[in-house]
Amino acid sequence: MDNPNIIKLVNGEKGDLIKITSLNLDGVMRRRLLDLGFVAGALVEVMRKSPLGDPIAFRVSQTTIALRREESSKIEGELVSNG
C-alpha cells in the first residue's frame, strides 16, 4: 500500500519540506543531482514555482537550485511539512 506522504518533487507546493527517498534517474543527470545534494535523506524545500510550473526552485544543502519538470518528476520523497 502506498504511503500517502510520498510525493514527487514536481508535485510539491511552495514552502513544502520534502525528505528525499529515491532518485529515479540515470547517468550524468543522476551524478549531477547527487553532487548538488539531492541524496536520499536530504531535506528539500520548494522555494518557488514559475507560473507555468517549469522550472521549479528548490533549496537543498544551503543552495537554491532550479530543476525542470522532467527532472523533478523523477525524484520522490516524504512530505515532512506543508508550506
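Just above sits the structure.
Bear in mind the structure is a predicted one, so any value in this text is a computation, not a measurement.

Student: Any details on the overall build of the protein chain? Residues and values, ideally.
Tutor: On a plain count of helices and strands, the protein chain comes out with two helices and six strands. Counted from the first residue to the last, the protein chain has its helices and strands arranged as β-β-α-β-β-β-α-β. A compact globule built from 83 residues should have a C-alpha radius of gyration of about 12 Å, and the protein chain, at 12 Å, falls within 12% of that. Each principal axis of the C-alpha atoms in the protein chain carries an extent, and together these give about 35 × 30 × 25 Å. The proportion of buried residues among the 83 residues of the protein chain is 33%. The contacts of the protein chain with a sequence gap of at least 6 include a subset with a gap of at least 24, amounting to 60%. Put simply, the protein chain has 12 plus and 11 minus side-chain charges, and the middle of one group is 4 Å from the middle of the other.

Student: Please provide a residue-by-residue account of the pairing of strand β5 (residues 63-67), values included.
Tutor: Looking along a regular strand, one sees side chains alternate from face to face of the sheet. Bridge count for strand β4 (residues 56-60) against β5 is five bridges, and the pairing is antiparallel. Each bridged residue has a counterpart across the sheet, and for alanine 57 the counterpart in β5 is alanine 66. Taking the residues that link successive antiparallel strands as the turn, the β4-β5 hairpin has two residues, and the phi of serine 61 there is positive, at about 50°.

Student: If you had to explain the sheet that holds strand β6 (residues 75-81) to someone new, which residues and values would you point to?
Tutor: Read from one edge to the other, the open sheet built from six strands follows the order β1-β6-β2-β3-β4-β5, with strand pairing classed as antiparallel. At either margin of the open sheet sits one strand with a lone partner, and together these are β1 (6-8) and β5. If you compare each strand with its neighbour and ignore which way they point, the axes differ by 40° on average. Two strands pair when backbone bridges link them, and strand β3 (residues 43-49) and β4 are joined in this way by four bridges, in the antiparallel orientation. Residue pairing for β4: lysine 49 is matched across the bridge by isoleucine 56. Strand contacts of helix α1 (residues 27-36): β2 (17-23), β4, β5 and β6, with the helix running at about 145° to β2, the strand carrying the most contacts.

Student: Explain the side chain of aspartate 16 to me, and be specific about the residues and the numbers.
Tutor: Along the chain, the position of aspartate 16 falls in the loop between β1 and β2. No salt bridge forms around the buried aspartate 16; measuring N to O, its nearest opposite-charge neighbour lysine 49 is 7.7 Å away. Of the polar contacts made by the side chain of aspartate 16, one reaches the backbone nitrogen of glutamate 13; its length is 2.8 Å.

Student: Tell me about the pattern of salt bridges, and name the residues and values.
Tutor: One pass over the structure, following the stated rule, counts four salt bridges. Connected via shared salt-bridge partners are Arg32, Arg68 and Glu71.

Cut-off values and rules
- Residues numbered from 1 in each chain as written.
- Predicted model: local features only at pLDDT ≥ 70, side-chain atom pairs only at ≥ 80, totals over all residues.
- Heavy atoms only, no water.
- Helix = DSSP H or I, 4+ residues; strand = E, 2+ residues; numbered from the N terminus.
- Rg over C-alpha atoms; globule rule 2.2 N^0.38 Å.
- Buried < 20%, exposed > 50% of the residue type's maximum accessible area, 1.4 Å probe, protein only.
- Contact = heavy atoms within 4.5 Å.
- Lys, Arg positive; Asp, Glu negative; His and termini not counted.
- Charge placed at Lys NZ, Arg CZ, Asp CG, Glu CD.
- Pairing = 2+ DSSP bridges.
- Axes fitted to C-alpha atoms, helices over the stretch in contact; angles between N-to-C directions.
- Salt bridge = Lys/Arg side-chain N within 4 Å of Asp/Glu carboxyl O.
- Polar contact = N/O pair within 3.5 Å; in protein donor to acceptor, adjacent residues only side chain to side chain.

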